[in-house]
Amino acid sequence: MTTEHLYNELNYVNHSREKRLKYANLVIDNPNLIPKLLDILFMVDDKVSCRAAWVLEFMCGEQLEAIIPHLDAFTKNMHKVHLDPAVRPVAKICEYLTKAYYSKHETKIKAVLTPEYKERIIEVCFDYMINDEKIAPKAYAMNTLFLLGTDYDWIHPELALILERDFQMQSSGFKARARHILKKIKN
């Protein structure tokens, strides 16, 4: 399948779990489509890039290790994604990667998530925290930064500052997650 054909197929993806899962499984079954999916995702001004993000998120949710050969391309370009419907899945993938890295179970992610990739994730997550993003990317970023803060001692104080500074201006969902993260940081 060419990039153009995949691009056209993504027009059939909608918010339904069924459609996103169908295309995620298509990509899992055909790993040669992952670079093409990433190419479409990084067409950041095109609305179809959001659909690529949804499919990539579902693929990572089903089989996170499928992204391993493409971590460099993903982490190098994820900061370019700016459309709200695409930002949320990118933030979720960062959380998936970080949770797998800090999992008590052995995962392949532990061997491949290099300091360089982690630093790119840290940078994009702090961007989500300080920019005017919706609650979901901020919530995923908070969790990701909290986990990475167990290895990078400067993250927790910076994260706490941002959470405390923004607390009063944010939604109840943000406040609930922020309280939870701040409590964990202080313990």
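Residue positions within a chain follow its written sequence, with the count starting from 1. For a predicted model such as this one, the threshold for reporting local features is a pLDDT of at least 70, and the threshold for listing and counting side-chain atom pairs is 80 or more; totals across whole chains, interfaces and linings nevertheless cover every residue. Think of the side-chain values as coming from all heavy atoms in the structure, minus any hydrogens and water.

What follows is about the overall build of the protein chain. The way it works is that DSSP assigns letters per residue, a run of H or I at least four long becomes a helix, a run of E at least two long becomes a strand, and they are numbered from the N terminus. Tallying secondary structure elements over the protein chain gives eleven helices and zero strands in all. The secondary structure elements of the protein chain, listed N-terminal to C-terminal, are α-α-α-α-α-α-α-α-α-α-α. Radius of gyration here uses only the C-alpha atoms, and the compact-globule reference equals 2.2 Å multiplied by the residue count raised to the power 0.38. Over its C-alpha trace the protein chain gives a radius of gyration of 16 Å, about what one expects of a compact globule, namely 16 Å for 187 residues. If you line up the protein chain on its principal axes, its C-alpha atoms span 50 × 35 × 25 Å. Exposure classes here rest on a 1.4 Å probe applied to the protein chains alone. A residue is buried below 20% of its type maximum, exposed above 50%, and partly exposed in between. Here the protein chain holds 187 residues, and 51% of them are scored as buried. For every accessible area listed, the method is Shrake-Rupley and the probe measures 1.4 Å; residues are considered covered only by the protein chains on display. For the protein chain, the exposed area adds up to about 9400 Å²; of that, 51% sits on carbon and sulfur atoms.

A few words on the packing of helix 3 (residues 34-41) against helix 4 (residues 48-62). Where helix 3 contacts helix 4, the axes come no closer than 7 Å and their chain directions differ by 140°. The orientation of helix 3 relative to helix 4 falls into the category oblique. Two packed elements cross with a definite hand, and for helix 3 against helix 4 that hand is left-handed. In contact with Ile34, Leu37, Leu38, Ile40 and Leu41 of helix 3, helix 4 contributes Val48, Ser49, Ala52, Ala53, Val55, Leu56 and Met59. For the contact of helix 3 with helix 4, a count of residues per class yields eleven nonpolar, one polar and no charged. Structural elements are reduced to axes, namely lines fitted to C-alpha atoms, with helices fitted over the stretch in contact, and the angle between N-to-C directions of any two is expressed from 0 to 180 degrees. Geometric relationships in this document are graded by angle, where less than 35 degrees denotes roughly parallel, more than 145 denotes roughly antiparallel, 65 to 115 denotes roughly perpendicular, and other angles denote oblique. A crossing counts as left-handed when the near helix is turned anticlockwise from the far one by less than a right angle, and as right-handed when that turn is clockwise. Contact between two residues is taken to exist if any of their heavy atoms lie within 4.5 Å; hydrogens are not considered. When residue character is reported, Ala, Val, Leu, Ile, Met, Phe, Trp, Tyr, Cys and Pro are called nonpolar, Asp, Glu, Lys and Arg charged, and the others, Gly included, polar.

So, about the environment of Arg17. Its place among the elements puts Arg17 in helix 2 (residues 17-29). For Arg17, a relative accessible area of 52% corresponds to the exposed category. Measuring from C-alpha to C-alpha, the distance between Arg17 and Lys184 comes to 32 Å, with 167 residues separating the pair along the chain. When near neighbours in sequence (up to four residues on either side) are disregarded, Arg17 contacts Phe58 and Glu62.

Close inspection of predicted coordinates is inappropriate in any region flagged by low pLDDT. Here the protein chain shows a mean pLDDT of 92. Residues at 70 or above account for 100%. Values of pLDDT, ranging from 0 to 100, describe the predictor's confidence in every residue of the model. No element of the protein chain has a lower mean pLDDT than helix 11 (residues 172-186), which averages 86, and none a higher one than helix 5 (residues 71-77), which averages 97.

Turning next to the packing of aromatic side chains. Within 6.5 Å between ring centres, the rings of Phe, Tyr and Trp (the latter by its six-membered ring) count as paired, and their orientation is classed by plane angle as stacked under 30 degrees, edge-to-face over 60, tilted in between. Across all of its chains, the model carries two aromatic pairs by this definition. For the pair Tyr101 and Tyr102, a centre-to-centre distance of 4.9 Å together with 80° between the ring planes defines the contact as edge-to-face. Residue classification places Tyr102 among the partly exposed positions, given a relative accessible area of 23%. Taken together, a centroid distance of 5.7 Å and an interplanar angle of 25° make the contact between Phe126 and Trp154 stacked.

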